[in-house]
Amino acid sequence: MNKKGVLVVFSGFSGSGKGTIMKKLMENHSDTYALSVSATTRSPREGEREGIEYFFKTVPEFEELIKNDEMLEYAQYAGNYYGTPKAYVEQKLNEGFDVILEIETQGALKVKEKYPDTLLLFVTPPSADILYDRLKGRGTEEDDVIAKRMNQAVNEAKVIDRYDYLVINDDINECVSHVHEIIKNTHDRTVFKADTIEALKNGLNKYQRRD
Ligand code: 5GP
């Protein structure tokens, strides 16, 4: 796996604000980050555009992508396939961008297994009650949709401790800055500094006394 850019996986409950956080992060730092566009077999929602929010696929098309090993990861969620096309991620990491995948927990854990240097971030509102209030406050969802999302959150919470960082979304702008700092600091991990370490070792060699 290339060490130029950091692969970042961002997950969070529905209603956690993760979409908004990603949007702001991209707006503020488009020179550093590349956001991966996933493929899905679910139907487009109103306003969603092909290749912007998702690449919309039929089930046979999606299964062909899996068969041809073109997916970095994929998962089934709410009865549909979702997956990350591999080529874009590899290209952008090679170009030195930090690549962000906004994906659910099963896919996140698969990515970490395949690429252990991946940074896994989970975002949550400050409490379960606040999550519920935020979902309710949107005013766009039926009660049973809210109940389904809260159930989903119960399941997702079971694997939060397998993430590297838990970020609390209380104030959105603070949260965006915090996420940016965590990603920036990840570049100082020795695993991303192989070239510097090599140069340092080479530089030190000439000072080594052999008596
Ligand atoms: P939605 O249908 O609301 O856009 O997305 C449903 C869930 O699928 C969200 O939790 C979203 O993060 C996740 N998701 C979106 N793209 C991918 C992907 O490429 N892989 C996986 N594993 N999950 C994804």
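All values derive from a computational prediction rather than experimental measurement.

J.: An account of the layout of surface pockets is needed here, citing residue identities and associated values.
T.: In this structure, the largest pocket occupies an estimated 1,600 Å³ of space. Taken together, 42 residues line the largest pocket, and the ones lying closest to its centre are K18, R42, R45, Y54 and E102. Contributing elements (two or more residues each) for the lining of the largest pocket: α1 (18–28), β5 (71–77), β6 (80–85) and α6 (143–157). In terms of residues, the lining of the largest pocket owes the most to one element, α1, which gives six residues. Class assignment for the residues of the lining of the largest pocket results in 13 nonpolar, 14 polar and 15 charged.

J.: Describe the nonpolar core, with residues and values.
T.: Residues L7, V9, V89, V99, L101 and V111 are the most contacted members of the largest nonpolar core, which totals 23 residues. Those elements that provide at least two residues to this core are β1 (7–12), α3 (86–94), β7 (98–102), α4 (105–114), β8 (119–124), α5 (128–137) and α6. Counting residues per element, this core draws most heavily on α4, which supplies three residues. Here V89 is in contact with L7, S36, L72, T84, V99 and L101, once residues within four sequence places are set aside.

J.: Explain unusual backbone geometry residue by residue, including any values.
T.: Not every positive phi belongs to a glycine, and D69 is a case in point at roughly 60°. Its place among the elements puts D69 in the loop between α2 (59–67) and β5. At A78, a residue that is not glycine, the phi angle is positive and equals roughly 50°. Counting through the fold element by element, A78 comes out in the loop between β5 and β6.

J.: Which residues make up the site of the ligand, and what values go with them?
T.: The environment of the ligand is formed by 15 residues, the closest being S38, R42, Y54, Y82 and E104. Interatomic distance of 2.6 Å between a side-chain N/O atom of Y54 and an oxygen atom of the ligand. Side-chain polar atom of E104 to a nitrogen atom of the ligand: 2.6 Å apart, as the coordinates give it. Contact with the protein chains covers 89% of the free accessible surface of the ligand, which is 510 Å². When contributions to the shell around the ligand are tallied by element, the ones reaching two or more residues are β5 and β6.

About the criteria used
- What you see as residue numbers is a count from 1 along each chain, following the sequence as written.
- Only residues with pLDDT of at least 70 get local features here, since the model is predicted, and only at 80 or more are side-chain atom pairs given and counted; chain-wide, interface and lining totals rely on the full set of residues.
- Side-chain metrics rest on all non-hydrogen atoms present in the structure, leaving aside hydrogens and water.
- We place a 1 Å grid over just the protein atoms. Points where a 1.4 Å probe fits but has no way out form a cavity, open points with protein on both sides within 12 Å along at least 5 of 7 lines form a pocket, and any residue with an atom within 4 Å of a point lines it.
- Grid points are joined across faces, edges and corners, and a volume is the space filled by probe spheres set on the points.
- Numbering goes from the N terminus for both helices and strands, where a helix is a DSSP run of H or I of at least four residues and a strand is a run of E of at least two.
- Under the grouping applied here, Gly and all other residues not named as nonpolar or charged are polar, the nonpolar ones being Ala, Val, Leu, Ile, Met, Phe, Trp, Tyr, Cys and Pro and the charged ones Asp, Glu, Lys and Arg.
- By nonpolar core is meant a set of buried Ala, Val, Leu, Ile, Met, Phe, Trp, Tyr and Cys residues that side-chain atoms within 4.5 Å join together.
- Relative accessibility under 20% of the residue-type maximum defines a buried residue, over 50% an exposed one, and the middle range a partly exposed one, all with a 1.4 Å probe and only protein chains included.
- The contact definition used throughout considers only heavy atoms, calling two residues in contact when any of these lie within 4.5 Å.
- When at least one non-hydrogen atom of a residue lies within 4 Å of a molecule or strand, that residue is treated as near it.
- Here a polar contact is taken to be a pair of N or O atoms separated by no more than 3.5 Å, where protein atoms must pair a possible hydrogen donor with a possible acceptor and residues adjacent in sequence count only if both atoms sit in side chains.
- The protein chains shown are the only cover counted for residues, whose accessible areas, like all others here, come from Shrake-Rupley with a 1.4 Å probe.

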